[in-house]
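The residues making up each chain are set out below.
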Amino acid sequence: MRILVINPYSYIHKDIMEALTEMYGKENVNELTYLFKGKDVYINDEFAELLETELTKIRYDLIFSTNFYPVIATVCHNKNIKYLAWTYDTPMNVVPCSQMEYDTNFMFLFDRLEVQKYLKMGYTRFFHMPLGVNTGKYEKIVPSKKYENDISFMGKLYKSQLNVITAGLKGELAQYLNKLVVTQSGITDRYIVDDLITESIIDSINQEYRKNGYDLSINKLQLSYAVSEYVTYLDRISILEVMGRRYDTHLYTYEAGEREKDILKNVHIHGPLDYNEEMPALFKSSKINLNWSLRAAQSAIPLRALDILGCGGFLLSNAQPELMEWLEDKKEVVLFHNIDEAVELAGYYLEHEEERMRIAAAGLEKVKRDFRYRDRIRKMMEIVFDKRAGI
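Notes on the structure in this doc start here.

A word on unusual backbone geometry
Then step 1. Following T90, the chain continues to P91 via a peptide bond in cis, the omega torsion being 0°.
Then step 2. Following the sequence through the fold, P91 ends up in the loop between β4 (82-86) and β5 (105-109).
Then step 3. Even without a glycine there, the phi angle at Y9 is positive, about 65°.
Then step 4. Here Y9 shows up in the loop between β1 (3-7) and α1 (13-24).

Dropping the structure here:
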């Protein structure tokens, strides 16, 4: 088995390379580094030539990448080489496109409901695969007094483009989008936005843009994601503000502006942390690590949650369906359904250290056992190369 791994500088690339080389031998796994940021991922002659040149040197059985890149799919299709793409972003980093239809593709998404969405659209090359975590690398990181916080949250605040979208609208359409945000904000156990944004709504919005001379057009995916980002922004700002009034709460992000600092005046706001060294130290040192998933991630266990568990940190998270499926609430993780419940749970576990430590230890053992990269990759390989499955 000869494998070429495309390195787009993703967080999980090194973990994937480590697992693949252990499984297939260092001599059988090569990598090709290319930074796609700011470049076309659909038609990219520069990268296509780079990849095609590499394929003339060695006969590969598989091309592997973190996230799906249509330009890689095209080259693999033309060369009749299997292409395995495992996403760690949801929604996907690309919009639906013809390159998704190639029979050489094997696209693994970590959100089960997103897989179902693409299957309903008629695409057949999508499969579900939760993310993994490399607990071994985190064992080398030691806790730090610098991060001995009661409550810590590391992540984006998700500043949405929804205000840009609504700026060109008046009357009923603007009111509809505002009501959509309010309605979704009050519902935490499911994502209703996609069902409530119809194609007729999209047509009406674009017609009003043209009528008002607003130089913008939008599709359903763009609007849905903008609403998701904005609702997530409200989620995270709200829970941090309430936590900050009660507990020693710390936010680590690069997205806090003056408005956010004013709202979160009781929260200690810091800049972003290095993913490989500082982040694990934070998760190991904080009493409670807070997570509230991006609303567009309808069922998945996010990478950040697995990182927290993989560091042996205590995870207090919104109740994602796959979190509830894989981990036992109050024994390996603690889940909340609204802000009031989150605040109450935080107070309880800050006062019950032994119970908190026991849950964190159980969560670590769970991901050590069931979320290993080697196991994830082995399952994907079984799908890619299982001829009996008719693939």
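Let us keep going from here.
Some words on the sheet that holds strand β6 (residues 126-128)
Then step 1. The parallel open sheet is built from 6 strands, whose spatial order is β2-β1-β3-β4-β5-β6. Single-partner strands in this sheet number two, and they are β2 (29-33) and β6. Taken pair by pair, the neighbouring strands of this sheet meet at an average axis angle of 25°, ignoring direction.
Then step 2. Pairing of β5 with β6 involves 3 bridges; the strand directions are parallel. When the sheet's bridge partners are listed, M107 is paired in β6 with F126.
Then step 3. On top of the sheet, α1 reaches β1, β2, β3 (62-66) and β4; it is set at about 170° to β1, its chief contact.

Some points on the state of the cysteines
Then step 1. All chains considered together, the criterion is met by 0 disulfides.
Then step 2. Considering cysteine sulfurs only, C97 is the nearest to C76, which forms no disulfide, with 14 Å between them.
Then step 3. Since its relative accessible area comes to 0%, C76 is described here as buried.

Quick look at the nonpolar core
Then step 1. Formed by 53 residues in total, the largest nonpolar core has its most connected members in I16, L20, F64, L84, W86, F108 and M380.
Then step 2. Residues within four places of F64 in sequence aside, it is in contact with I3, L4, V5, I6, I16, L20, L84, W86 and M380.
Then step 3. Counting 33 residues, the second largest nonpolar core, distinct from the first, contains I6, I63, V71 and M92.

A closer look at the pattern of salt bridges
Then step 1. What the rule picks out here adds up to 19 salt bridges.
Then step 2. Put simply, D235 and R295 hold a salt bridge, and the shortest N to O gap is 2.7 Å. With D235 in helix α10 (residues 220-246) and R295 in the loop between β10 (288-291) and α13 (303-310), this pair connects stretches of sequence that are 60 residues apart. Side by side, D235 and R295 carry an identical accessibility label, which is buried.
Then step 3. Of the charged contacts, one joins K330 and D329 as a salt bridge, the two residues approaching to 3.1 Å between their closest N and O atoms.
Then step 4. Connected through salt bridges with shared partners, the residues E139, E365 and K368 form a single ionic network.

Here we look at the sheet that holds strand β11 (residues 315-318)
Then step 1. The parallel open sheet is built from 6 strands, whose spatial order is β9-β8-β7-β10-β11-β12. At either end of the open sheet lies a strand with only one pairing partner, and these are β9 (268-270) and β12 (334-336). Averaged over all neighbouring strand pairs, the angle between strand axes comes to 25°, with direction disregarded.
Then step 2. Direction of pairing for strand β8 (residues 249-252) relative to β9: parallel, over a ladder of 3 bridges. Bridge pairing links H250 to H268 in β9.
Then step 3. Along the sheet face, helix α15 (residues 339-351) touches β7 (151-154), β10, β11 and β12 and points at about 155° away from the line of β12.

Describing the packing of α10 against α15
Then step 1. Where α10 meets α15, the axes come as close as 10 Å, and the angle between the chain directions of the two elements is 35°. Judged by the sense of rotation from one axis to the other, the crossing of α10 with α15 is right-handed. Contacts from S238, I239, V242, M243 and R246 of α10 reach α15 at I339, A342, V343 and A346.
Then step 2. Of the residues contributing to the contact of α10 with α15, the split by class is 7 nonpolar, 1 polar and 1 charged.

Calculation criteria
Residues numbered from 1 in each chain as written. Predicted model: local features only at pLDDT ≥ 70, side-chain atom pairs only at ≥ 80, totals over all residues. Heavy atoms only, no water. Helix = DSSP H or I, 4+ residues; strand = E, 2+ residues; numbered from the N terminus. Pairing = 2+ DSSP bridges. Axes fitted to C-alpha atoms, helices over the stretch in contact; angles between N-to-C directions. Contact = heavy atoms within 4.5 Å. Disulfide = S-S within 2.5 Å. Buried < 20%, exposed > 50% of the residue type's maximum accessible area, 1.4 Å probe, protein only. Core = buried A, V, L, I, M, F, W, Y, C linked by side-chain atoms within 4.5 Å. Salt bridge = Lys/Arg side-chain N within 4 Å of Asp/Glu carboxyl O. Left-handed = near helix turned anticlockwise from the far one by under 90°. Nonpolar A, V, L, I, M, F, W, Y, C, P; charged D, E, K, R; others polar.

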